[in-house]
Amino acid sequence: MRVIVDTNVLVRDLKWTGAAFQVFSEGLRRGVLTLLVPGVVVDETVNKFRENLADLVIDAERVGREFVRLLGSGPTWPTVQQTVAEQTARFKDWLLGRIRECGGTVVPYPGTSHEELVTRALNKRPPFDKSGRGYRDALIWESVLECLRTEPSPLILVTENSRDFGAAPSLLPELLGDIERLGIPREGIHDRFRLHGSLETLNTELVLPHLERLDSFIRALEREELPRFSLRGWIPYGLLGALRDGDWDQYLVPTEPGHLGTSLSTIDSVESFSVEDARKMTEARSLVFCTARLRATTLVSVDWDEYRAQEDVRAFIGPVDEPVGHLSLDYPTLMSVSFRFVLDSHSSEATSVEIDSIEGEGGIVEALPHPRKRQSGNRRHLPGTGGGKA
């Protein structure tokens, strides 16, 4: 199955170290999938690396100056331009090499004329938006059409940009029309083309079924029988960073997200845990899906203006007799977290931790597909990062 990835998929994990890319890479290695990367996606991804690195080096230089100001001396940092230029060139070489190693292909820029693209933009035809923005998205879509035109094998586009391509698996009607004009009847489009909203949904459908399920390993994890790894012992510190990084803590209190300042302080205890699935990726690495019920402490804070403005905040904090500049408290929380990670049997190290969903007092929030089926309730879906316009 041929797979085209959008820029927003690559920039989520620039060095392909996360669980999703490890599983995806295994699908490429086994020949389940064939990677196609449009030239515009390569250029956008390299540019995003350059922008991220430039910001980091500027921040590092600022920190260096603070060291000097406070201590009289500090670390020295290379100039921004030298570091960014050299490392960006190295990253591009690495990215192109990684694509080749996976048996993938960089798809040349499409041969669509400027006149056709301008006409599409003026007509505000997707993936151009109502302001006529979306040039790079249009180049990606034209690459998709050229791949469909030149080879009859099925093709998948993975993009988090649901606004301009459609909410997977449904493609926008205008884009369906483009495929029909290639001579592919609408009733046969599903056999030739599919849309996925994330690598995780693609992996779940096409790659995980090819990975061996490790039933004895699952039992050993649940019974704490692995010689050098305790899941119960790892969870309090292994999940803490992942929960903080994703701003999941805002869903642990019974208020609307953003109405309170929240910071997950500690995971205090593991009430229970289960292992829903584990798949063998290589001889050393396994992908593990778990759910844990946790007691934790969340630091909650709010300023006086927000307290007065938000009814749900007042109900949560309770009455305050007189105005104060800032309110804060430690709030005990009980939550259920579904997550995945990669376990290396050689090092007994758990890496690439990703939160799939969380159930707290703020409701149920889902980001990634997980083998555990949750009960109905106040369910939210975290949107993808989406694709920017240009």
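Preceding this section is the structure that the text describes.
Residues numbered from 1 in each chain as written. Predicted model: local features only at pLDDT ≥ 70, side-chain atom pairs only at ≥ 80, totals over all residues. Heavy atoms only, no water.

### Description of the nonpolar core
Ranked by internal contacts, the top residues of the largest apolar core, which has 66 residues, are V5, F24, L33, W141, I179, F193 and L202. Leave out the neighbours within four places in its chain, and V5 touches L10, F24, L35, L36, V37, P38, V41 and V158. F217, I218, W234 and F339 belong to the second largest nonpolar core, which has 35 residues in total. (Core = buried A, V, L, I, M, F, W, Y, C linked by side-chain atoms within 4.5 Å. Buried < 20%, exposed > 50% of the residue type's maximum accessible area, 1.4 Å probe, protein only. Contact = heavy atoms within 4.5 Å.)

### Focus on the sheet that holds strand β1 (residues 2–5)
Across a sheet, strands are paired by hydrogen bonds formed along the backbone, either parallel or antiparallel in direction. Ordered in space as β3-β2-β1-β4-β5, the five strands form an open sheet in which the pairing is parallel. Among the strands making up the open sheet, the edge pair consists of β3 (105–107) and β5 (193–196). Put simply, the sheet's adjacent strands are angled 30 degrees from each other on average, direction ignored. With four bridges connecting them, β1 and strand β4 (residues 155–158) associate as parallel partners. Considered in β4, the bridge of V3 is made with I156. (Pairing = 2+ DSSP bridges. Helix = DSSP H or I, 4+ residues; strand = E, 2+ residues; numbered from the N terminus. Axes fitted to C-alpha atoms, helices over the stretch in contact; angles between N-to-C directions.)

### What to know about empty space enclosed by the protein
Under the defined criterion, the tally for this structure stands at one cavity of 30 Å³ or more. Its boundaries defined by the atoms lining it, the largest cavity holds a volume of some 30 Å³. When residues of the lining of the largest cavity are traced back to their parent elements, those giving at least two are α2 (19–29), α10 (199–207) and β7 (285–303). Residue classes in the lining of the largest cavity are distributed as six nonpolar, two polar and two charged. (1 Å grid on protein atoms, 1.4 Å probe; cavity = no way out; pocket = protein on both sides within 12 Å on 5 of 7 lines; lining within 4 Å. Points joined across faces, edges and corners; volume = space filled by probe spheres on them. Nonpolar A, V, L, I, M, F, W, Y, C, P; charged D, E, K, R; others polar.)

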